[in-house]
Structures are given as structure tokens and as C-alpha cells.
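# Observations on the three-dimensional arrangement
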Amino acid sequence: MLGNYFFDAEKSESKSFELPGAKPHYNPDRSVQVNHIFLDLELDIPHQSLDGICHLTLTPVREGITQVKLDAVDFEITEVKIGAIAQPFDHNKEQLIVDFLSPTTTEPFTLSITYQVKKPRRGIYFIAPDEHYPDKATQVWTQGEDEDSRFWFPCFDYPGQLASSEIRVKVPQGLTAVSNGALITEETVGDKTVFHWQQQEIHPSYLIALAVGDFAYKEDSCNGLPVTYYVDKHRAEDIDRTMGKTPRMVEFLGKTYGYPYAYPKYAQVWVEDFIFGGMENTSVSLMTDRALLDERASQERQWSESLVLHELAHQWFGDLVVIKHWSHAWIKEGMATYAEVLWTEQEYGKNDAAYYLLAEARNYLQEDRSRYRRPIVTNIYREAIELYDRHLYEKGGCVYHMIRSVLGDELFTKAIHHFVNHHAHDTVETIDLLRAIEVSTGYNLAPLFDQYVFRGGHPDFDISYSWDRDSSMAKISVKQTQAKPDEPASKNQLFNLLIPLGFGYVKEEKFERLVEFKLKLNEPEQTFYFPLEQKPDFVSFDVGNNYLKTVKLNYPPQELIQQLHHDPDPTSRIYAAIALGKKGGLEMVEAFTQALTTEQFWGVRVEVAKQLGKIQLNQAIDGLAIALKDENPKVRRAAVEALGSFPQQGSYDLVKAMAEQGDFSYHTESSAVYTLGKLVKGVLKDRVKEVISVFKEVLETRSGWNELVRSGAISGLGLLDTNPDAVEIIIQYTQLGTPQPLRLAAIRALGGVSKGQKPEQMQMIIETLEAIAAEEFFLTQVSVVTALRTMGTEDAAQILGQLSAQSLDGRIKQRADEARTRVEASLRSDQQLKRLQDKVEQLQKDNQDLQSRLAKLEASQTKD
């Protein structure tokens, strides 16, 4: 399942991941083994309901079982039978408790449950046109992960139970139903069509899926395996440009994991209003139609390709090899995330893969810095969905990369092949991965796992370098700034790692060689001396950048400039650019401007443009003007965003020209439009009306893929936080009927635009957000939380509390509670500051009164 930040070494106190109500979670006792799940369903789409019979074939694990408890939320259950014999049951809307008339033997039996689901709020979703969105498709789709299958069929809703499954579903003629496994039959019954799907391979209940709609369909293949695509009938042209690489991905992953694709087909169904990016249901992934590419969007690499690859990778890690408990979900999500890196390396080269990995690390680091720090593996939470964060995905992916770097490519491949083959069609925990590595390679990676998986955090390295010319000696000092040496060993956060260090040499303006050493880093501060034949031109810490960390490079400018231009590793060149950006100055601007014209890899040029934006010299604008003409749209985007740091006429003219002329990249054009809103301050305040006119023109004329460009205008308006006209325009686009991506952008923008508004506008904003908060669509609620967190007022905190209380979605509860905690803490801080200011003012007043009385006293004494 899939739902760029500065790679910084600055620290902040980590907040707790565990919210009030969090507790340890374990799999339940298992009195029966589920062998097979057969759902016989009929959908009533106009009334958003289903009638079903769930047949569960069970084998007791021991004799004398008298009761089973199934997860079954908000059902109407009319009958429970074993064969033809009705069984007594009790249903409390959360669990179905069946009391058997006779204690079981150890022989299998089938439990049949007749039930009805009406207007479900989770698990199964009915999508249909309405008065606001008359062109919306009619669709039904399910989403089981984490524990939402219980909302549409009775089950043991945890990943430790594996069973084969089948679905027979009756739908209106003209609609197609897609599910797991192979299509057994398709027949017409009156004005209905009955689809019967069956999967013989075992899997957990959360991976059972159903998607129904009026789909355009295309079948491809990979070595005889049917590879099928389903999209809304109006999006057929988007199939090839979005999913065309799927067969090659199937072949690539089969080789990567050492196990052929295990199911009778692989289908992708792209649906409306999907609450995630994608979901890896066994043999049938469901995807958001927001990732379908139009012709213009397909001209640059989009996240859609990574989404397709990620969900496909789960067919091995997650579906074939199943986690035993949610606390070990990193095994599958981390690998699916790392598979994106492996595919990028295969398809685009090592530089792109290194930059992709850096982006993953940055995403994790941002969460660690701004939200909370936690062990990757933990069973303490309120709901399992809270675990699905950047620790699970991106940090998990980085852990797989560190495993690869320790083992080397050959042994890493051997270990992964062993793990998959040994645990295919079975459940696993983290210890199983450790054991597979040790059995297949001889390496014990428990120390690495203890540091990066079973505890939170990462090393923050501060590295200093100097050269002693007289002794021809290089001095390297390394601090682990995250360490707390006064704490016990279990809490001091020290890392014990073997990090490669390289001294680089350049000859005739070309990289010549790297002399490498290993640093054993296990103390808060360590110093190393290296006798060298000649002074190195640059120093490369963690050669290859395989370890998850932050770095602060304290090198002389000349060494950093040489590293920027000549280090063979793109991530090291990026680190050098960041260090140079912090130093500032004209010399750095000149080095960056040169890099924008000589650097071969686009990712480094992106980072150089970002650093130029942090150096407040006019010459930096000239360098960014060069980057605006770069062939790579991501470099142009970084340049135009960096120009937003220079609120002056020259940068304004460059940005406005791009915003008005557009760019073939949706993202770059959107950034240009948005950046106009950043620039109209200071000496450019008088351009606000002109910029609003540009925003209005964009909103009226530039609809397109995912409303990216128009969302740029809305977000730009959100920066005009003292302008009442901006509020009125934004609120207009929060109305139902506005295309969903644009409406979500408008909801979020209300938070920013509120900051400097007068009470009348503030009341309009809060009333708008309070009304929208009552809507149940997941992405709408996420946007409301974002806006309220940005507002940071008492009214915002109150609505966040209401949203948390009313939402059924654990992710919304988590986000709303985190946001409310942050807002309330800020309000307390503001109140404390206000009280302090009042005390200071009172002291000043008292002091003035005292001085006045003293002056009067002295005057009277003088007279006397």
C-alpha cells in the first residue's frame, strides 16, 4: 500500500509516537484455522448496500471448541449455519460471537453467515454521480488494509490467518466485477451479470478485494501471464502511457526476488475517490485514477511509474510472503519502497537511483524531525494504520539498502531469494528476515537491526577536516551529535558503525582516484589521522552514501567546491552543495553557477538551484536565470521556486514571464504560478493586484491534469494572508462541484490565508472549514486538518477535537489529535509569552512610577 526535504543535521526534541489510548497489540488466540472464504454477494448500487452469504471453511486446531468470535462491524446478520443447522449467535455490531450447538472435533466444517451491509462507512465504497458531480463514474470498490475487511464481510481480520478465497457477485448489466485469482464463470441472470472469481493460493482477509465499474479493458502479457488493465471507459487512452511497463516490471521483480509471479493473473483497476495511492490486493491491485497520465503529463517521469512498481512488488513482499502481525509491516512496505529504487537503477541508472534513495531518506528525516521518532517495529499504537508512516516506508527502504551495502549485491540477492523461497505462502516476522540473511550468507545483522529497526533514530554526524602540510597528515574529526553520553548505554543513542571515508584527487580538472579508509565510529566524538602522500582535493564521508544519517560538513570552501565538481557520487556532491550554501558568499554563487552549466546529473543541478536560492546576493538571480532554461523540468522547477526567495523586480519579472507563458511540465508551471504569491511583499507589495489578476486568469483558463496548475494559483492566493479578496476567491473554490484536486487545494489554502485576516474574514474561514469537516471523504478531512493546523487558533483546535471524535478513520484521528496537540501547545506558548510581556510592561510601568515618586521626593527635599 502506498500513500523533498532538506537533509539536515539540525536536531529537535522528538515527540512521542504513542498517542493517548495507545496500548500493546497482539494477534488473538487461534482456535480455528480458516481454509477457505467464499463470498456470495449481490450489490444494490443505488441504495449503497450488499446482501451476502459468507461461507467460511474452518478446521479446529483442537477438539472441543464451543465458540468463535469473528470481526463484523455494522452488519445486519440474519442467520448463522453449519450445514443446514442454525447456530445461536450474538452480534454487538463489532463482533459476531457464534456458540456451537455441539463442541467441535478436529474435522473441517463450513460456517455460513447471511448478512446485509447498508451504506457502509469503511471497507467497501459506493461511488456514484450526484448533483455536484454529475459526471462521476458509478463504481464500487473495497479497501481492506489495515483492518477494514470486517466492514464488508465477517472474518478474522488480522494478517496471521491465511486462506484461499472466492467471490461470486451479482451486479447490474453493463458493469464488470474484478476480484482475486481467476475468473471461473461470467453469466447473465435477468438484468444482472454474475461474476465468479476464485483464488486457490492462500492470503489474509485484508487482501480480498472487489472492484465494480463500467471499465475500459486491455490485456497484455508477460511470458504467458495475463496482465490486465481496467480504467473508467473515458480514460482508455491513458492505459499504455501509465501502465505500459508493467510486463517488464513483472519479469524484473521475478528475477530480483528469485521467485516467479505466483498467481494466475495480474490486474490493475484504477478507480475514482480511492483513499490511497494504491493497494496490493492479491493478483489485483486497486489504484487511484489520479495517477493516470494524460499526454502532457506523460512527457516527464511521474510518480505513477513508481506507484505501479510499488504495488506490483507487494505481490511478492506482502502477498506471497505475508506479515504475521502489523508491527512487522516494514518487511513488506520497506521492500516495496526499496523496489522503487531498484527499478529506478535498472531503468534510469545509478545516479537516478541514488537521488531517489536520498529523497526517501529525506522524507523519513522530515517526519522524525517534525512529527515523532519511533522504532520501526513496535506493537504499541491505537490502530494499526498509525504505523503506515515514513518510518515504515522510507526508513524501511533505507534499511534494505543498508543490508545490501553490508552484504554486497551478490549476497544480498542470495539472501532475498532465500527469504522469499523459504517463506512463500506463509507468514513472517522481522526475526525471520534476520535468520534468512544469516543462514544464506553467514552475516549476523542483528547489530544493524538493533540500531535502525528496533529503536528509533539515526546518527547525526558532524565532520571536520584539516590538513597539516608539515607532516602531510589529514585530520578527520567526527561527532555523533545525537548522542547522549550521560545516559545509560541503552538510551545514549550512540551508533556503532563502520563508515568508509575517501580522500579524492583531481587531475587536470577531472576526477582521478579515491583513497579509501574505514572509520569505526562508536563514540560521541572521535579524531583520526591519516598520513597521505599528497594533500587531497576533497574528502568524501560515507563513500557511496549507503548509511541512513544526517551530515554536517565542516570543510574549507575550496575542498567543498572540488567535491561539488568532482566527487563521483551524486549524493556527496549534493552534501557539498548544501555545505557551501550555508557558507554563502560570491565565491559560492560562482561555483554554483558553474555547476549549473557543467554538472551532468539533473538531480545535482536541482540541489544547486535550491542552494542558490538561500544566498541573498543579486548574482544568485543570474545563476537561477540560467537554470530556468535547463532541459530538465525538475531543474526549472527548483530554479523558479528558488527565485521566490528574492522579492525584487528582477526575480519577479523572470517568474511572472514563466507563469504567463507556461511550461510543458505541469509541475513547473504550477510552481511558477505559486511563486508569484511568495514574491509580492516588501518592495513588491504594490504588485498584489497584478498577481491576483494572473491567478484569476489561471483559474479561469488552465484546467488540466489533476488541476496542478490551477492549484498553484490557489496555493499562491493562500500566501496573501492580509488580502480579503484572496479569501473570497479561495472560498469560492471550496464549494462542492469544484474538481476534487482543486477543491482540496483550496481547503488547505484557507489555513495559510487566515494568518493576517481581519475578524470578519476569519469568521468566514472558520465557518467554511467547520462545515467541510462534517464531510466523510478521507482526502477532504486530511485537507481540513492541514488547514486548521496552519490556522492555529482556539476555534481551529476545537474543530480538530470534533473531527477526531467523529471520524471512523484512524489516520484522521491520528492527524487531528497531533494537530490539536500542536495548536494547543502553540496557544499556551503564546499565552505564556503574552503574560511575560504583560509582566515586563507592568514592571516597566512600576519602575516609571517609582522613578516619578523618587523625583518628586528629591524635588521636595531640595525645596526644604
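Residues numbered from 1 in each chain as written. Predicted model: local features only at pLDDT ≥ 70, side-chain atom pairs only at ≥ 80, totals over all residues. Heavy atoms only, no water.

### With respect to the overall build of the chain
Here is the rule: Runs of E in the DSSP output that reach at least two residues are strands. Runs of H or I that reach at least four are helices, and both are numbered from the N terminus. Throughout, the radius of gyration refers to the C-alpha atoms, and the reference size of a globule is 2.2 Å times the residue count to the power 0.38. Accessible areas in this description were obtained via Shrake-Rupley with a 1.4 Å probe; residue shielding takes into account the shown protein chains only. Charge assignment in this entry is limited to Lys and Arg as positive and Asp and Glu as negative, and neither His nor the chain termini are counted. Think of each charge as sitting on NZ of Lys, CZ of Arg, CG of Asp or CD of Glu.
Counting secondary structure elements, the chain contains 25 helices and 31 strands. Its C-alpha atoms give the chain a radius of gyration of 30 Å, within 12% of the compact-globule value 29 Å for 864 residues. As presented, the chain carries roughly 36,000 Å² of accessible surface, and 48% of it is formed by carbon and sulfur atoms. With 93 positive and 124 negative side-chain charges, the chain shows a separation of 5 Å between the mean positions of the two kinds.

### As for helix 17 (residues 666–679)
Selection rule: Helix span is expected to be 1.5 Å times the residue number reduced by one. Only protein chains enter the calculation, and the probe is 1.4 Å; a residue is then buried if its accessible area is under 20% of its type maximum, exposed if over 50%, and partly exposed in between. Contacts are assigned to residue pairs with any non-hydrogen atoms lying within 4.5 Å of each other.
Counted at 1.5 Å a residue, the expected span for helix 17 with its 14 residues is 20 Å, and the 21 Å between its end C-alpha atoms agrees. When you tally the buried positions in helix 17, you get 11 out of 14 residues, the bulk of the element. For helix 17, the complete set of buried residues consists of Tyr666, Thr668, Glu669, Ser670, Ser671, Ala672, Val673, Thr675, Leu676, Gly677 and Leu679. Lining the buried residues of helix 17 we find helix 15 (633–642), helix 16 (649–661), helix 18 (688–701) and helix 19 (708–717).

### Re the environment of proline 24
Along the chain, proline 24 falls in strand 1 (residues 23–24). Assessed through its relative accessible area of 44%, proline 24 is described here as partly exposed. Taking C-alpha positions, proline 24 is 55 Å from lysine 629, a pair spaced 605 residues apart along the chain. With residues near it in sequence (within four places) discarded, proline 24 still touches Asn379 and Ile380.

### Observations regarding a positive patch on the surface
The condition is simple: Patch building starts from residues that exceed 30% relative accessible area and form no salt bridge, then joins like charges within 9 Å and nonpolar side chains (Val, Leu, Ile, Met, Phe, Trp, Tyr) within 5 Å. Definition used for salt bridges: Asp or Glu carboxyl oxygen within 4 Å of a side-chain nitrogen of Lys or Arg.
The grouping of Lys15, Arg789, Arg815 and Arg822 at the surface amounts to a positive patch. Tracing the backbone shows arginine 789 in helix 23 (residues 778–791). What makes arginine 789 partly exposed here is its relative accessible area of 36%.

### Considerations on the packing of helix 17 against helix 18
Filter applied, for reference: To obtain an axis, a line is fitted to C-alpha atoms, over the contacting stretch when the element is a helix, and the angle between two such axes runs from 0 to 180 degrees between their N-to-C directions. Just so you know how the angles are binned, under 35 degrees is roughly parallel, over 145 roughly antiparallel, 65 to 115 roughly perpendicular, and the rest oblique. Here is the rule for handedness: rotate from the far helix to the near one, and if that takes an anticlockwise turn smaller than a right angle the crossing is left-handed, while a clockwise turn gives right-handed.
Closest axis-to-axis distance for the helix 17/helix 18 pair is 10 Å, and the angle between their directions is 155 degrees. Overall, the two elements helix 17 and helix 18 adopt an arrangement that is roughly antiparallel. Handedness of the crossing formed by helix 17 with helix 18: left-handed. The residues of helix 18 that touch helix 17, namely those facing Val673, Leu676 and Gly677, are Val691, Val694, Phe695 and Val698.

### Comments concerning the sheet that holds strand 18 (residues 225–232)
Convention followed: DSSP bridges decide pairing: two strands pair if at least two such bridges lie between them.
Overall, mixed pairing links the five strands, which are arranged 17-18-19-21-20 in an open sheet. Both outer strands of the open sheet, strand 17 (215–222) and strand 20 (278–279), are each paired with one neighbouring strand and no more. As paired elements, strand 18 and strand 19 (residues 266–271) share four bridges and run parallel to each other. Within the sheet, the bridge partner assigned to valine 227 lies in strand 19 and is tyrosine 266. Most of the contacts of helix 2 (residues 246–257) go to strand 17, to which it runs at about 40 degrees, and overall it touches strand 17, strand 18 and strand 19.

### Side note on the pattern of salt bridges
Pairing between side chains becomes possible if they bear opposite charge and their charged atoms approach one another. Taken as a whole and judged by the stated rule, the model has 51 salt bridges. Note that glutamate 607 is salt-bridged to arginine 362, the shortest N-O span being 2.8 Å. Of this pair, glutamate 607 sits in helix 13 (residues 602–612) while arginine 362 sits in helix 5 (residues 350–370); the two residues are 245 residues apart in sequence, bridging distant segments of the chain. Two residues, lysine 610 and glutamate 607, come together in a salt bridge whose shortest N-O distance is 3.7 Å.

### Thoughts on unusual backbone geometry
In this chain, glutamate 145 is followed by aspartate 146 through a cis amide linkage whose omega measures 5 degrees. Residue placement: aspartate 146 occurs in the loop between strand 11 (139–142) and strand 12 (163–172). With a phi close to 75 degrees, lysine 93 is a non-glycine residue in the positive phi region. Along the polypeptide, lysine 93 turns up in the loop between strand 7 (89–91) and strand 8 (95–99). Classification of lysine 93 as partly exposed rests on a relative accessible area of 35%. Even without being a glycine, asparagine 223 presents a positive backbone phi close to 50 degrees. Residue classification places asparagine 223 among the exposed residues on the basis of a relative accessible area of 70%.

These values are about where atoms sit, not about what they do.
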